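# Architecture and fold: a report
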There are 2 protein chains.
Amino acid sequence: MSGTGAKAGRRDDIVAVALELLDAHGLPELSMRRIAGALGMQPSALYWHFPDKQTLLGAVAADVLGAPEASGPEALALDLRDRLLGRRDAAELVSSASALGHCRIPHSELLRSAALAAGADDARAAAAASAAVLYTLGWVLHAQQRSVAEALGAASPDAPEPAPYADGLELILGGL
Amino acid sequence: MSGTGAKAGRRDDIVAVALELLDAHGLPELSMRRIAGALGMQPSALYWHFPDKQTLLGAVAADVLGAPEASGPEALALDLRDRLLGRRDAAELVSSASALGHCRIPHSELLRSAALAAGADDARAAAAASAAVLYTLGWVLHAQQRSVAEALGAASPDAPEPAPYADGLELILGGL
DNA sequence: ACCTGAACACCGTTCAAGT
DNA sequence: ACCTGAACACCGTTCAAGT
């Protein structure tokens, strides 16, 4: 599920188990000690495979993002949104891993190409791709943390309804 | 600097000192123990003023955001961007505090009103305001963590140049 | 009303040493 | 090559008790 597909190995076991723990308990509970515990090893053993926790989380984020196959700009943005929505706390994970340079979002480059193919010039394609990715990440981040906030009963009663995802995306990708 | 302006009080001292520590050492170093230490008090004393760390950070975030006075949509977006760029790690602070419901971004509502005043209908105004805020937060987040990453020498050499802020904003607010 | 002191249950990371 | 065991230097939070 992670690399370009090959002999699994201990490193991929670690990423797989981290993903399970993420789904089961969320990002705040995802500690090195818990990952190690779930694998029956010592926390220190993880440091043979990864230099630090951030790098390990980057590998998990890359797994969440996968290899998108969609080809139109809107389809790529929706693919990204759906992958993020599909896993617990994925927006926060990906957002911080990508900002820190520990994972790459393949949708970015694909979106840029798709915009070029649709006839946009270089600057316009780059702006649209970057805005679409940042908007999507932000939108899902907000949605996921909103849902955890109200699950905790801390439903701030005056919080305004977020605008629908598609409306914002349309503004960004509208001119194709 | 924080509330609507009144008798300071211990609570505002805490927020002010937290802001100084944020500027001086960054968000990862901003612990309850350090804030308390800088005030010459025990960490547990902070819990008389705030129920938990997230709430305290929410108050700090509100202080960073302030009370914007700009009135056009673009001016409001730029005001938000500049406030975030003006303080260390501010984008991450505000992004997570606002997503968790511990602070409000006043620019959101003002942007919506400004879009309405510029002739947009309700749905369009809401979409533009939300997209502009999410885009701005994401753009600055990326910029700030990029700069910390390369300060640490971890300058990922293949990281693509981010598109200029104004280009993306133009896509979102272009139709006024 | 506001704070101390001590404790609880954790963290990420390093490093010598084992196999 | 891969992992253990123990340690270091921290965390956020709770709570009885003080003034």
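Residues numbered from 1 in each chain as written. Chains lettered and ligands numbered in written order. Predicted model: local features only at pLDDT ≥ 70, side-chain atom pairs only at ≥ 80, totals over all residues. Heavy atoms only, no water.

Looking now at the pattern of salt bridges. All names here are of chain B. This model, assessed by the stated rule, comprises 12 salt bridges over all chains. Close ionic contact of Asp23 with Arg87 constitutes a salt bridge, the shortest N to O distance being 2.7 Å. With a gap of 64 residues between them, Asp23 in helix α1 (residues 9-25) and Arg87 in the loop between α5 (73-85) and α6 (90-99) connect regions that are remote in the sequence. Note on Arg87: relative accessible area 27%, which makes it partly exposed. A salt bridge links Glu29 to Arg34; the nearest nitrogen and oxygen atoms lie 3.1 Å apart. (Salt bridge = Lys/Arg side-chain N within 4 Å of Asp/Glu carboxyl O. Helix = DSSP H or I, 4+ residues; strand = E, 2+ residues; numbered from the N terminus. Buried < 20%, exposed > 50% of the residue type's maximum accessible area, 1.4 Å probe, protein only.)

Close to DNA strand C lie 17 residues, the nearest being Arg33 and Tyr47 of chain A together with Ser44, Trp48 and His49 of chain B. Here the atoms of DNA strand C within 4 Å of the protein split so that 55% fall in sugar or phosphate, with bases taking the remainder. At 2.5 Å from a base nitrogen of DNA strand C is found a side-chain nitrogen or oxygen belonging to Arg33 of chain A. One of the side-chain N or O atoms of Lys53 of chain A is found 2.8 Å from a phosphate oxygen in DNA strand C. For the surface near DNA strand C, the secondary structure elements donating two or more residues are α2 (32-39) of chain A together with α3 (46-49) of chain B. Here the element with the most residues in the surface near DNA strand C is α2 of chain A; it accounts for 3 residues. Of the residues assigned to the surface near DNA strand C, the class counts are 5 nonpolar, 6 polar and 6 charged. (Near = heavy atom within 4 Å. Polar contact = N/O pair within 3.5 Å; in protein donor to acceptor, adjacent residues only side chain to side chain. Nonpolar A, V, L, I, M, F, W, Y, C, P; charged D, E, K, R; others polar.)

Quick look at the packing of aromatic side chains now. Residues and elements named next belong to chain B. Summed over all chains, the structure comprises 4 aromatic pairs over all chains. An angle of 15° between the planes, with centres 5.4 Å apart, marks the rings of Tyr135 and Tyr165 as stacked. In this pair, Tyr135 sits in helix α8 (residues 122-151) while Tyr165 sits in helix α9 (residues 165-173), placing the two residues 30 residues apart along the sequence. Centre to centre, the rings of Trp139 and Tyr165 are 5.4 Å apart; their planes meet at 65°, and the pair counts as edge-to-face. You can see Trp139 sitting in helix α8 and its partner Tyr165 sitting in helix α9, a full 26 residues away along the chain. Relative accessible area serves as the criterion here: at 16%, Trp139 is assigned to the buried category. (Phe/Tyr/Trp six-rings, centres within 6.5 Å; stacked < 30°, edge-to-face > 60°.)

Residues and elements named next belong to chain A. Looking at the element boundaries, Asp89 is found in the loop between α5 (73-85) and α6 (90-99). Salt bridges are absent for the buried Asp89, whose nearest opposite-charge side chain, Arg88, sits at 5.3 Å. There is a polar contact of 2.7 Å between the side chain of Asp89 and the backbone nitrogen of Leu27. (Lys, Arg positive; Asp, Glu negative; His and termini not counted.)

Turning our attention to the nonpolar core. In terms of nonpolar packing, the biggest core is built from 105 residues, with Ile35 of chain A together with Ile35 of chain B touching the most fellow members. In contact with Ile35 of chain B, other than residues within four places in its own chain, are Ile14, Val17, Ala18, Leu21, Leu30, Leu46 and Leu56 of chain B. (Core = buried A, V, L, I, M, F, W, Y, C linked by side-chain atoms within 4.5 Å. Contact = heavy atoms within 4.5 Å.)

This next bit is on the packing of helix α1 (residues 9-25) of chain A against helix α4 (residues 53-65) of chain A. Residues and elements named next belong to chain A. It is at 9 Å that the axes of α1 and α4 come closest, and there the two elements cross at 75°. Classified by the interaxial angle, the pair formed by α1 and α4 is roughly perpendicular. Across the interface between the two elements, Arg11, Ile14, Val15, Ala18 and Leu19 from α1 touch Leu56, Ala59, Val60, Asp63 and Val64 from α4. Looking at the contact of α1 with α4, its residues break down into 8 nonpolar, no polar and 2 charged. (Axes fitted to C-alpha atoms, helices over the stretch in contact; angles between N-to-C directions. Parallel < 35°, antiparallel > 145°, perpendicular 65-115°, else oblique.)

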